[in-house]
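Okay, here's what each chain looks like letter by letter:
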Amino acid sequence: MREALGAAQAAARAGEVPVGACVVGADGALLAAAGNRTRTDCDPTAHAEVLALRAAARRVGNYRLTGAVVYATVEPCAMCAGALVQARVARLVYGARDEKAGAVESVFRVCDASSLNHRMELSAGVLERDCRALMQEFFREKRK
């Protein structure tokens with residue numbers, strides 16, 4: 001999670017919403033890390049989770065990341081949760097809940113929906129205080 005927090009901090013420095021994600025392979029090796037780049041790339045799909053999944057899939061040469069663990073600083077949105085399911089991620093670990101748009105537990109339950117062909121293990125609240133503080137500080141500064 002600290003790797004994901006570092007990516008989120010880098011995103012904040014670039015003027016992006018500070019969300020970070022990293023993908024760790026089944027062997028425990030870091031495959032990829034990314035922060036949000038929606039504004040930088042002019043790409044609505046350039047969320048940290050999607051960027052990290054893309055990089056990890058390229059690295060292993062397979063779009064299926066079976067056995068991988070994804071760490072995200074904030075509960076993923078519907079797009080990112082869907083991408084996690086499509087990548088066949090084994091486990092998602094995230095920091096802060098997103099009560100307005102979270103698609104893992106808060107608003108929708110995409111990652112463990114019985115109607116989908118893949119479900120993953122979920123762990124929430126890891127370094128939650130740090131993850132939440134980073135988001136709050138970013139938006140506090142934006143409102144000034």
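The text that follows walks through the structure, step by step, so that each part is easy to find. (Residues numbered from 1 in each chain as written. Predicted model: local features only at pLDDT ≥ 70, side-chain atom pairs only at ≥ 80, totals over all residues. Heavy atoms only, no water.)

**Re the overall build of the protein**
Helices and strands together make up the secondary structure of the protein, namely five helices and five strands. Along the protein, helices and strands appear, N-terminal first, in the series α-β-β-α-α-β-α-β-β-α. In terms of C-alpha radius of gyration, the protein reaches 14 Å, essentially the compact-globule figure of 15 Å for 144 residues. A principal-axis box enclosing the C-alpha atoms of the protein has dimensions of 45 × 30 × 25 Å. Burial analysis of the protein (144 residues in total) assigns 44% to the buried set. Summarising the internal contacts of the protein: among those between residues at least 6 apart in sequence, 55% fall at separations of at least 24. Carbon together with sulfur atoms contributes 50% to the accessible area of the protein, which is approximately 7300 Å² in total. Between the centroid of the 20 positive side chains of the protein and the centroid of its 16 negative side chains there is a distance of 1 Å. (Helix = DSSP H or I, 4+ residues; strand = E, 2+ residues; numbered from the N terminus. Rg over C-alpha atoms; globule rule 2.2 N^0.38 Å. Buried < 20%, exposed > 50% of the residue type's maximum accessible area, 1.4 Å probe, protein only. Contact = heavy atoms within 4.5 Å. Areas by Shrake-Rupley, 256 points an atom, 1.4 Å probe, with all protein chains shown as cover. Lys, Arg positive; Asp, Glu negative; His and termini not counted. Charge placed at Lys NZ, Arg CZ, Asp CG, Glu CD.)

**So, the sheet that holds strand β3 (residues 69–74)**
Spatial strand order, β2-β1-β3-β4-β5: five strands in an open sheet with mixed pairing. Strands at the two margins of the open sheet, each flanked by one partner only, are β2 (30–35) and β5 (121–124). On average, adjacent strands in this sheet sit at an angle of 15° to one another, irrespective of strand direction. Across the face of the sheet, helix α1 (residues 2–13) comes into contact with β1 (20–24), β2 and β3 while running at roughly 145° to β1. (Pairing = 2+ DSSP bridges. Axes fitted to C-alpha atoms, helices over the stretch in contact; angles between N-to-C directions.)

**Things to note about the side chain of Glu75**
Along the chain, Glu75 falls in the loop between β3 and α4 (78–86). Buried charged residue Glu75 carries no salt bridge. Nearest counter-charge: Arg97, at 4.7 Å. A polar contact is formed between the side chain of Glu75 and the backbone nitrogen of Glu105, at a distance of 2.6 Å. (Salt bridge = Lys/Arg side-chain N within 4 Å of Asp/Glu carboxyl O. Polar contact = N/O pair within 3.5 Å; in protein donor to acceptor, adjacent residues only side chain to side chain.)

**A look at helix α3 (residues 48–60)**
Side chains three or four residues apart in an α-helix point the same way, a direct result of the helix having 3.6 residues per turn. Compared with the 18 Å implied by 1.5 Å per residue over 13 residues, the 18 Å span of α3 between its first and last C-alpha is a close match. The set of residues buried in α3 consists of Ala48, Glu49, Val50, Leu51, Ala52, Leu53, Ala56 and Ala57. Looking at the packing, one finds that the buried side of α3 touches β1, β2, β3 and α4. Once α3 ends, the next one or two residues include Gly61, with phi positive near 75°. (Expected span 1.5 Å × (residues − 1).)

**Concerning the pattern of salt bridges**
On inspection of all chains with the given rule, the structure shows seven salt bridges. Of the charged contacts in the structure, one is a salt bridge between Glu99 and Arg97, with a shortest N-O distance of 3.0 Å. Using a relative accessible area of 54% as the deciding quantity, one classes Glu99 as exposed. Residue Arg97 is classed as partly exposed on the basis of its relative accessible area of 33%.

**Quick word on the packing of aromatic side chains**
One pass over the structure, following the stated rule, counts one aromatic pair. On the basis of an interplanar angle of 85° and a centroid distance of 5.1 Å, the ring pair of Phe138 and Phe139 is categorised as edge-to-face. Residue classification places Phe138 among the buried positions, given a relative accessible area of 9%. According to the relative accessible area criterion, Phe139 is partly exposed, its value standing at 31%. (Phe/Tyr/Trp six-rings, centres within 6.5 Å; stacked < 30°, edge-to-face > 60°.)

**Quick notes on the pairing of β2**
With five bridges connecting them, β1 and β2 associate as antiparallel partners. Considered in β2, the bridge of Val23 is made with Ala32. The loop that links β1 with its antiparallel partner β2 comprises five residues; one of these, Gly28, has a positive phi angle of about 90°.

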